[in-house]
Amino acid sequence: MSYFHTLLFGLYPYLAGSVFLIGSLLRFDHGQYTWKTGSSQMLSSSRMRLASNLFHIGILVIFFGHLVGLLTPHWVYAPFMSAGTKQVVAILVGGIAGVMCLVGGAMLAWRRLTNARVKASSSFMDTVIILLLVVQVTLGLLTVIPALGHLDGGVMLRLAHWAQAIVFFQGGAADYLVGIGWIYKLHIFVGLTIVLVFPFTRLVHVWSAPLGYIARRYQIVRRRA
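Note that the coordinates shown come from a computational prediction; the quantities given were computed from them, not determined experimentally.

*Asks:* How should I be thinking about the overall build of the protein chain in this particular structure?
*Replies:* Summing up its helical and strand segments, the protein chain has 10 helices and 0 strands in all. Reading the protein chain from its N terminus to its C terminus gives the helix and strand order α-α-α-α-α-α-α-α-α-α. In terms of overall dimensions, the protein chain has a C-alpha envelope of 70 × 40 × 35 Å along the principal axes. Looking at the 225 residues of the protein chain, the share that counts as buried comes to 36%.

Okay, structure coming up:
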């Protein structure tokens, strides 16, 4: 196994994770006025609702699907389904969510690049992150092609073992990716890069999900006459 392979898949995940956590904390502490979604809907609302809903629904399903699928040990679901069955479910659900996210993301990226008002109000990182997300979703959909050629779930288990080894600080994590197809490796690399640049983009708003509104008391804005 080459040093470069170990660097990308054994060390780079920890670099990306460290920047992700420390960078988010520093930005929250020193740049709260930039801690926002930066919505441009008021500048141009044409097809914005469709694009935004497709993108956000798709990316949420993809995120939690990856989170549960990669970090759940095999023995947890083994009594209920085989690795092959789990892979088929992942292909179907992930494929549908991926297409939704790709269509919505492509619409948002096109809007940001071609709409003069939106482009003028966008930062460099606004453009970079939406393009990175579109590329990442495209790579994810492309992994379906080789995955259909090995429905036994073997590759999926190796990817899960790699993710669990990284998250739980186990040694030799990069070994699990030796011999894995290049499309999977590229998908992982771009994903880690998104994690790396996360604190410097508008994605930080995901830390501030307004869950408090669910249990918050009603606010009186004006009294009845």
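*Asks:* Just checking my understanding: could you explain the side chain of D126 for this structure?
*Replies:* Note that D126 resides in helix α6 (residues 124-142). Since its relative accessible area comes to 9%, D126 is described here as buried. For D126, the side chain forms a polar contact with the main-chain nitrogen of S123, separated by 3.0 Å. Beyond its immediate stretch of four places on either side in the chain, D126 contacts R112, S121 and R202.

*Asks:* How should I be thinking about the nonpolar core in this particular structure?
*Replies:* Nonpolar side chains tend to gather and get buried jointly when the protein is soluble and globular. Counting residues in hydrophobic clusters, the biggest one holds 41 residues, and the most contacted among them are F9, W162, L177, Y184, I188 and I194. Of all elements in the fold, only α1 (3-30), α2 (48-71), α4 (83-114), α6, α8 (154-167) and α9 (182-197) reach the threshold of two or more residues within this core. In this structure F9 touches W162, I166, A174, L177, K185 and I188, once residues within four positions along its chain are discounted.

*Asks:* What am I meant to see in unusual backbone geometry here?
*Replies:* Peptide bonds are trans in most cases, and residues, glycine excluded, mostly fall at negative phi. In this model, F169 sits at a positive phi of 55°, which is unusual for a non-glycine residue. Take F169: it is sitting in the loop between α8 and α9.

*Asks:* What exactly am I supposed to notice about the environment of F28 here?
*Replies:* Among the secondary structure elements, F28 is positioned in helix α1. Using a relative accessible area of 40% as the deciding quantity, one classes F28 as partly exposed. Spatially, the C-alpha atom of F28 lies 9.8 Å from that of W207, the residues being 179 residues apart in sequence.

*Asks:* Even after reading the chapter, I still don't get the packing of α1 against α8, so can you show me in this structure?
*Replies:* Between two packed helices, the angle of one axis relative to the other and the distance separating the axes together describe the packing. In the contact formed by α1 and α8, the axes pass within 10 Å of each other and the chain directions differ by 45°. Classified by the angle their axes make, α1 and α8 are oblique. Seen along the crossing, α1 lies across α8 with a hand that is right-handed. Across from F9, G10, P13 and Y14 in α1, the residues of α8 making contact are W162, A165 and I166. Split into classes, the residues belonging to the contact of α1 with α8 amount to 6 nonpolar, 1 polar and no charged.

*Asks:* Even after reading the chapter, I still don't get the pattern of salt bridges, so can you show me in this structure?
*Replies:* Close approach of charged atoms allows side chains of opposite charge to pair. In this structure the tally under the stated criterion is 1 salt bridge. Residue D126 is joined to R202 by a salt bridge in which the shortest nitrogen-to-oxygen separation is 2.9 Å. Residue D126 is found in helix α6, and its partner R202 is found in the loop between α9 and α10 (212-215); the two are separated by 76 residues along the sequence. Given the relative accessible area of 17%, R202 is considered buried.

*Asks:* Just to check I follow, could you spell out the packing of aromatic side chains for this structure?
*Replies:* Working definition: an aromatic ring pair is given by the centre-to-centre distance plus the angle between the planes. Inspection of every chain in the model, using the stated rule, returns 6 aromatic pairs. Judged by centre distance (5.6 Å) and plane angle (15°), the ring pair of Y14 and F169 falls under stacked. On the criterion of sequence distance, the pair formed by Y14 in helix α1 and F169 in the loop between α8 and α9 is long-range, its members being 155 residues apart. Both rings, one in F20 and one in W207, keep their centres 5.5 Å apart while their planes meet at 35°; by these two values the pair is tilted. Of the two residues, F20 is situated in helix α1 and W207 in the loop between α9 and α10; the sequence distance between them amounts to 187 residues. Here a set of aromatic residues connected by ring pairs shows up, and it is made of F20, F198 and W207.

Rules and cut-offs
- Residues numbered from 1 in each chain as written.
- Predicted model: local features only at pLDDT ≥ 70, side-chain atom pairs only at ≥ 80, totals over all residues.
- Heavy atoms only, no water.
- Helix = DSSP H or I, 4+ residues; strand = E, 2+ residues; numbered from the N terminus.
- Buried < 20%, exposed > 50% of the residue type's maximum accessible area, 1.4 Å probe, protein only.
- Polar contact = N/O pair within 3.5 Å; in protein donor to acceptor, adjacent residues only side chain to side chain.
- Contact = heavy atoms within 4.5 Å.
- Core = buried A, V, L, I, M, F, W, Y, C linked by side-chain atoms within 4.5 Å.
- Axes fitted to C-alpha atoms, helices over the stretch in contact; angles between N-to-C directions.
- Parallel < 35°, antiparallel > 145°, perpendicular 65-115°, else oblique.
- Left-handed = near helix turned anticlockwise from the far one by under 90°.
- Nonpolar A, V, L, I, M, F, W, Y, C, P; charged D, E, K, R; others polar.
- Salt bridge = Lys/Arg side-chain N within 4 Å of Asp/Glu carboxyl O.
- Phe/Tyr/Trp six-rings, centres within 6.5 Å; stacked < 30°, edge-to-face > 60°.

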